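# Observations on the model geometry
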Amino acid sequence: MTLTLEQLNTAPAPEAAAWLAGLYEHSPWIADAALAHRPFRSLAHLKHVMAGIVREAGREAQLTLIRAHPELAGKAMVSRALTAESTNEQGKAGLTDCTPDEFAHLQALNTAYNTSFGFPFILAVRGPRGTGLSRQEIITTFEQRLANHPDFELAEALRNIHRIAELRLNDKFGAEPRQGNQVWDWQEQLSAFSDPGYLEKGQLTVTYLTDAHRAAARLIEQTMRDSGFDEVSVDAVGNVVGRYKARPHPDPLPAGEGVKTLMTGSHYDTVRNGGKYDGRLGIFVPVACVAELSRAGKRLPFDFEVMAFAEEEGQRYKATFLGSGALIGQFNPAWLDQKDTDGISMREAMQHAGLPATLEAIRALQRKPADYLGFVEVHIEQGPVLNELDIPLGIVTSINGGVRYTCEVTGMASHAGTTPMNRRRDAALAVAELALYVEQRAARDGDSVGTIGIWTVPGGSTNVVPGRCQFTLDLRAPNDAQRDAMVADVLAELKTICERRGVHHTTEETMRAAAAPSAPAWQQRWEKAVDSLGVPLYRMPSGAGHDAMKLHEVMPQAMLFVRGQNSGISHNPLESTTSDDIDLAVQAFQHLLSQFAGPSHD
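Now for a look at the structure at hand.

Basis of the calculations
Residues numbered from 1 in each chain as written. Predicted model: local features only at pLDDT ≥ 70, side-chain atom pairs only at ≥ 80, totals over all residues. Heavy atoms only, no water. Helix = DSSP H or I, 4+ residues; strand = E, 2+ residues; numbered from the N terminus. Expected span 1.5 Å × (residues − 1). Buried < 20%, exposed > 50% of the residue type's maximum accessible area, 1.4 Å probe, protein only. Contact = heavy atoms within 4.5 Å. Axes fitted to C-alpha atoms, helices over the stretch in contact; angles between N-to-C directions. Left-handed = near helix turned anticlockwise from the far one by under 90°. Nonpolar A, V, L, I, M, F, W, Y, C, P; charged D, E, K, R; others polar. 1 Å grid on protein atoms, 1.4 Å probe; cavity = no way out; pocket = protein on both sides within 12 Å on 5 of 7 lines; lining within 4 Å. Points joined across faces, edges and corners; volume = space filled by probe spheres on them. Polar contact = N/O pair within 3.5 Å; in protein donor to acceptor, adjacent residues only side chain to side chain. Core = buried A, V, L, I, M, F, W, Y, C linked by side-chain atoms within 4.5 Å. Phe/Tyr/Trp six-rings, centres within 6.5 Å; stacked < 30°, edge-to-face > 60°.

## Overview of helix H12 (residues 211-226)
For H12, with 16 residues, the first-to-last C-alpha span of 23 Å sits near the 22 Å given by 1.5 Å per residue. Listed in full, the buried residues belonging to H12 are Ala 212, His 213, Ala 215, Ala 216, Ala 217, Leu 219, Ile 220, Glu 221, Thr 223 and Met 224. The secondary structure elements touched by the buried residues of H12 are helix H11 (178-190), strand E1 (231-234), strand E2 (240-244), helix H13 (281-296) and strand E4 (303-309). Residue Gly 228 follows H12 closely and has a positive phi angle near 105°.

Written out as C-alpha cells, the structure reads:
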C-alpha cells in the first residue's frame, strides 16, 4: 500500500502509527511521538519532526536507539534475525554475498568499533543517492569512521539512522526525489574529470583551464543544451553561460527597455583533493529547473542566465573569483602574465584552451547592472550547522566580510637547554598566546570567526628556542563594522603581547573583502520558497566566500544553503549531500522562479 500525506494526517493514531512502523529500528516511540504534531505539511516536515524528537530525547534514549540497530553483516544477519527492512537493505548492499575475507574483515571492524564506542556501527547502506553503496564503499567508510571522536561518531550514527528512516519513509509513500537524483547523477558525471596526478589517486582536482577543466566545461555545456537552454556558450575567461529566454512580450517594449535577466550559478573549478558539490551544486540545481520548464513548455517573463564560473578557488593562479569578477569589470591585466608551477602563463593557458586571451575580449564580458534583476546562488553549506539541527536548507543572511594578514614575530633564537624560561624571547610562544586570544575574541561576538591557518618556525630545531615565527591571520564577521572591531582588537593584542615578551612583529594585509548582506527582497523570496516545502526556516551567515559576494558589488544577491553530510565537511573528498536534500533545493528554486514570475507565469 502506497500512503498519502492526507491519509496519514487524518487516520486514527493507532492506524497511523502502524503505517509508520519500522522507520526507526525497534523504536516505535519516535513515530508515536511525531503523530502528536499532525497535520504534516510535507514528508520533509515529518522527517524533521522525527529527527527533532530524537534530538530532544537525550543521550540515553539516543544510545538505546543506536543499540537497537544490528551490526552490518553481523550475528543477526547470519542467524536471519534482522527486521524485514534491515534484511532488505543489507541484502541489496551485497552484505549477504561477502567473500570470506570481506566477512572476516567486517567482523573485526565490528568488534573494534564496539570496543571504541560502545554501540554498533550504523551506516545508511542505501547511500546518498538511495541506490546503494558497494561493499568496498561500506568497508572504506567503516575504516574511516573508526578514527572519529566518540561525540562526533554518536552524531554520525544518528545522522545515518535518520537517513535510513528517510529512505524507508520514501518507500512507504512512493516518493522519489526525481530531480534530486538527476542533479546527483550530473555531479557524479562531472567528478570523472580530474587533473593529472590526482585522477590516478581517485582524487578530485580541477584547476583553471587544465584539460580536466575544459572537459568539465564541455560536459556542462552539453547538459545545458540537453536541458533546453536556448543559448549556450563559453566566454572569454572560460565561463559556461546558459540562457533560457523569456516568453515573448505581448506588447512592444518602450525604447531602451529590454527584457531583464535573473542570473544564477556558481563555480566548477575545485580545490586540490576537494569535494564534488562545492560550487557545482549551484550550477546543476538551476539547470534542473530549466529542464523542467522546458519539458513543460513554460517560459518566464525574464531571461534566466545560469553561469558556470570557470575560476573561484585561486588554485592554479592567484586570481580568486576570476570568473565572476570578469562580469563586474574586475579582471587584473597582470594576471595574464602570472605563471603556474609548470611555468605556463595564464595567457598561454587561455590560448591553449582556444580563448582569445586579450584584455579587449575579457573587458567585453562586463555586465550592465541595469539589465539584471539580481543574482541568486545555491551552495552546499560547507559547515556543520544544518546537519546538527537536522534542517535540509538554510537561508543566508550575509556573506561574511574577511581580512587576511601574513605576519611574523621575531625574538631571539637560543639554546633550549641553557636558556632559563624567564630569559627567553620565544617568538612561537607569542603567537601561541595570540592564537588563544583570537579564539576568545571571535567567540565573544557569537558569529565572528578567527583562524591562524599557517604557523611555521623557519629553520626551527628541536633544541632551539624559536627566534622567528611566521603565521597567517584570517578574521571574518557578518558585517564590516564587526569585522573591523575584531581586527583592531587582535592587532592591538599582538602589539601588547610582543611588547610584554620583548619580541618584535610585522603584519601585511593580503586580502580584504567586504561583507555581502543578502538583499532583503531576494532573501524573503528564498524564505517563502523554503516555507512552501514545509521545512523550518533557518537564517544563517555564510562564513565562506562565494561568487555571490562579487555580484553583490553591482546587483542585489541572496543565497540558499543545502545541508552537507559528514558534519558538513567541505574542501574534502568526504563532502557530500543527499539526493533528497538536493531535490528540496530544486523545488525551492522552482518556487522562487514561479513566485517572482507572478500569476501570469505559464
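Picking up where we left off.
## Comments concerning the packing of helix H4 (residues 43-56) against helix H10 (residues 150-173)
Look at H4 against H10: their axes get within 11 Å of each other, and the N-to-C directions meet at 145°. Of the two elements, H4 crosses H10, and the hand of that crossing is right-handed. Every residue of H10 that contacts H4 at Leu 43, Leu 46, Lys 47, Met 50, Ala 51 and Val 54 is listed here: Leu 158, His 162, Glu 166, Leu 169, Asn 170 and Phe 173. Per-class residue counts for the contact of H4 with H10 are 8 nonpolar, 2 polar and 2 charged.

## Re H13
Within an α-helix, residues lying three or four positions from one another point in the same direction, as the helix has 3.6 residues per turn. If you check H13, its first and last C-alpha atoms are 23 Å apart, about what 16 residues at 1.5 Å a residue would give, namely 22 Å. Where burial is concerned, most of H13 is hidden: 12 out of the 16 residues are buried. Leu 281, Gly 282, Ile 283, Phe 284, Val 285, Pro 286, Val 287, Ala 288, Cys 289, Val 290, Glu 292 and Leu 293 are the residues of H13 that are buried. Phi for Gly 297, located one or two positions after H13, is positive at around 70°.

## Focus: the layout of surface pockets
Within this model, the second largest pocket holds a volume of roughly 1,100 Å³. Elements with a minimum of two residues in the lining of the second largest pocket: helix H9 (135-145), H10 and H11. For the lining of the second largest pocket, the per-class residue count stands at 13 nonpolar, 19 polar and 11 charged.

## Regarding the side chain of Ser 42
Counting through the fold element by element, Ser 42 comes out in the loop between helix H3 (29-34) and H4. Look at Ser 42 and you get buried, because its relative accessible area is 14%. Within polar-contact distance, the side chain of Ser 42 engages the backbone oxygen of Leu 533 at 2.6 Å. With residues up to four places along the chain from it excluded, the contact list for Ser 42 reads Leu 5, Leu 533 and Gly 534.

## Re empty space enclosed by the protein
Unfilled space is identified by rolling a water-sized probe across the atoms. On inspection of all chains with the given rule, the structure shows 3 cavities of 30 Å³ or more. When its volume is computed, the largest cavity comes out at roughly 340 Å³. In terms of lining residues, the largest cavity is bounded by 21 residues, among which His 162, Arg 163, Glu 166, Arg 563 and Asp 581 are the most central. Sorting the residues of the lining of the largest cavity by element identifies H4, H10 and helix H22 (579-597) as the ones contributing at least two each.

## Regarding the nonpolar core
Among the nonpolar cores identified, the biggest contains 96 residues, and Met 346, Met 350, Trp 526 and Phe 589 are the most heavily contacted of them. The residues contacting Trp 526, other than those within four sequence positions of it, are Val 376, Glu 377, Val 378, Ile 395, Ala 558, Met 559, Leu 560, Ala 588, Phe 589 and Leu 592.

## Considerations on unusual backbone geometry
The amide bond that connects Arg 38 to the next residue, Pro 39, takes the cis arrangement and shows omega of 5°. Along the chain, Pro 39 falls in the loop between H3 and H4. Phi at Ala 357 is positive, roughly 60°, even though this residue is not glycine. Within the fold, Ala 357 resides in the loop between helix H15 (346-352) and helix H16 (359-363). Exposure remark for Ala 357: the relative accessible area of 7% places this residue in the buried category. The backbone of Gln 382 sits at a positive phi, close to 70°, despite the residue not being glycine. Here Gln 382 shows up in the loop between strand E5 (372-380) and helix H17 (385-389). When its relative accessible area of 22% is taken as the criterion, Gln 382 is described as partly exposed.

## Observations concerning the packing of aromatic side chains
The way to describe two aromatic rings as a pair is by their centre distance and the angle between their planes. Evaluation of the coordinates by the stated rule reveals 13 aromatic pairs. Measuring from centroid to centroid gives 5.2 Å for Phe 331 and Trp 335, while their planes differ by 85°, and the two rings are edge-to-face. Trp 335 carries the same exposure label as Phe 331, and that label is buried. For the pair Trp 526 and Phe 589, a centre-to-centre distance of 5.3 Å together with 80° between the ring planes defines the contact as edge-to-face.

## Thoughts on the environment of Asn 88
Examined against the element boundaries, Asn 88 turns out to sit in helix H7 (residues 84-92). You can call Asn 88 partly exposed: its relative accessible area is 35%. For Asn 88 and Gly 411, which are 323 residues apart along the polypeptide, the C-alpha to C-alpha distance reads 65 Å.

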